[in-house]
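# Breakdown of the fold
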Amino acid sequence: MQSLKFTRTNGNIPKKLAGEDHVSGLVIYSAALPSGFSENERIKAVSTIETAEALGITADADNWDIRVLHYQLSEIFRINPGISLYVGIFTSPEGANTYAEVKKMQNFADGRLRQLGVWDGRTPLAADNLTALQGVAATLEEQDMPLGIIYAPKVSTVASLPSNLAGDKERVWTVIGQAGSSTGAALYADAENTEKASVSGLGVVLGIVSLAAVHESIAWIEKFPTGVDVPAFGDGTLLKTLDRAVVEALDKSRYLFFVTYAGLSGSYMNDSHTMDVPTSDYAYIENVRTMDKVVRGIRTYLLPKLGGNVYIDKATGQLQTHSVEFLQTTAQKALEDMEKAGELSGYVVEIDPDQNVLSTSEIEFVIRPVGVGVVRRFKVKIGFAESV
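A brief report on the enclosed structure follows.

Analysis parameters
- Residues numbered from 1 in each chain as written.
- Predicted model: local features only at pLDDT ≥ 70, side-chain atom pairs only at ≥ 80, totals over all residues.
- Heavy atoms only, no water.
- Salt bridge = Lys/Arg side-chain N within 4 Å of Asp/Glu carboxyl O.
- Helix = DSSP H or I, 4+ residues; strand = E, 2+ residues; numbered from the N terminus.
- Buried < 20%, exposed > 50% of the residue type's maximum accessible area, 1.4 Å probe, protein only.
- Polar contact = N/O pair within 3.5 Å; in protein donor to acceptor, adjacent residues only side chain to side chain.
- Contact = heavy atoms within 4.5 Å.
- Core = buried A, V, L, I, M, F, W, Y, C linked by side-chain atoms within 4.5 Å.
- 1 Å grid on protein atoms, 1.4 Å probe; cavity = no way out; pocket = protein on both sides within 12 Å on 5 of 7 lines; lining within 4 Å.
- Points joined across faces, edges and corners; volume = space filled by probe spheres on them.
- Nonpolar A, V, L, I, M, F, W, Y, C, P; charged D, E, K, R; others polar.

Let us now look at the pattern of salt bridges. The full count for this structure, using the stated rule, is 17 salt bridges. With a shortest N-O distance of 3.0 Å, E343 and K293 are connected by a salt bridge. You can see E343 sitting in the loop between α10 (333-340) and β11 (346-351) and its partner K293 sitting in helix α8 (residues 285-302), a full 50 residues away along the chain. Residue E343 is classed as buried on the basis of its relative accessible area, which comes to 8%.

Structure below.
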């Protein structure tokens, strides 16, 4: 009997997300290079896990580091299939790491990276490394290419991690959590080092950060489950075996890891800490990402106006009203778009007309964006009543 049959296949077409908030990078320090990389080509754009596997990054690779990289990529694409990702594989320096590779990644991506994961699972967590990462991020910010760095160091003993590393490092976000079951746990058990490297849950965190809108906390329970069934830390310690006081101390120290909640299945991020002090305006990832988007957006509209003319009131010497209004309108275009998208609660753009532009060729703006709040605690008073 005649027939016509169709078999639907998955073409693995990468999903496209609007904007560039999802453009990310992943750096791994390893002496191993998969077949698709070389000494002269250490950075590749990777859109899907199939692309990665075609480059030699496979789950059954002979080298443990490459298997870890495949795992991180699998987690990233599981959480955010639409991510735009660049992967860089570099050899660890023999001396202190300056993390200059972060700058190489950002330059390779033409400054488009908004966040970048750094897997350094053989290097124990230390203040000098966090300072170096903040330094290279600050340099990129000065060059108008700001990004946040999700850092995954080696966790030797989770209960003994330093508690005083946070401060003035708002662009460094330190992951100490990893999976305590399935592939993550199996990789940790297979670690080739006598003194084991940390596998890390870096891919999960990078996936969530790239998926979240800039104003959203990655610890939003309803929206961002991690998919990690058994939360653990980088030394293999399971969350459920660690004393609650130790877990609270780790959170207070501003590390990132996976937690569970009684009566709720799954695991979630403990918070969205940066390595800045809790009182800073940039204590949380969403604050850094929102301000970065504000600055990038304003720059996009104002930069073409450099070298242009403004007009002066001949009687007062002040800027003419229409010049002030034009510049205010130009500067607030990006802010208006962000407010419409729910990424800002509001904003104000001010220009003092009493500026001597003829003498200085400079105009000063005062811009105050109003952020979006994140609920971190609910307080509920409850008790029986005789009547209501």
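With that settled, consider the side chain of S272. Mapped onto the secondary structure, S272 falls in the loop between β10 (264-269) and α8. Side-chain polar atoms of S272 contact the side chain of E286, separated by 2.7 Å. Of note is the side chain of S272, whose polar atom sits 2.9 Å from the side chain of R376. Excluding residues that lie within four positions of it along the chain, S272 makes contacts with S217, I218, A219, L256, A283, Y284, I285, E286 and R376.

This next bit is on the nonpolar core. Judged by nonpolar contacts, the single largest core of 50 residues is most densely connected at L73, L85 and V205. Taken together, the elements giving at least two residues each to this core come down to β1 (23-29), α1 (49-54), α2 (64-79), β3 (84-90), β5 (148-154), α5 (182-189), α6 (202-211) and α8. In this structure, V205 is in contact with I150, V175, I218, L256, F258 and M269, ignoring residues within four places of it in sequence. Core analysis: the second largest hydrophobic core is formed by 39 residues, V27, L140, L161 and L239 among them.

In this section: the layout of surface pockets. If you add up the space inside the largest pocket, you get close to 990 Å³. Lining the largest pocket are 29 residues, and of these V259, Y261, M269, N270 and R376 lie nearest its centre. The element that contributes the greatest number of residues to the lining of the largest pocket is helix α7 (residues 244-252), accounting for 4 residues. Among the residues making up the lining of the largest pocket, the classes are represented as 15 nonpolar, 6 polar and 8 charged. Estimates place the volume of the second largest pocket at around 500 Å³. The wall of the second largest pocket is formed by 18 residues, among which K305, L306, G307, G308 and I363 lie closest to the centre.

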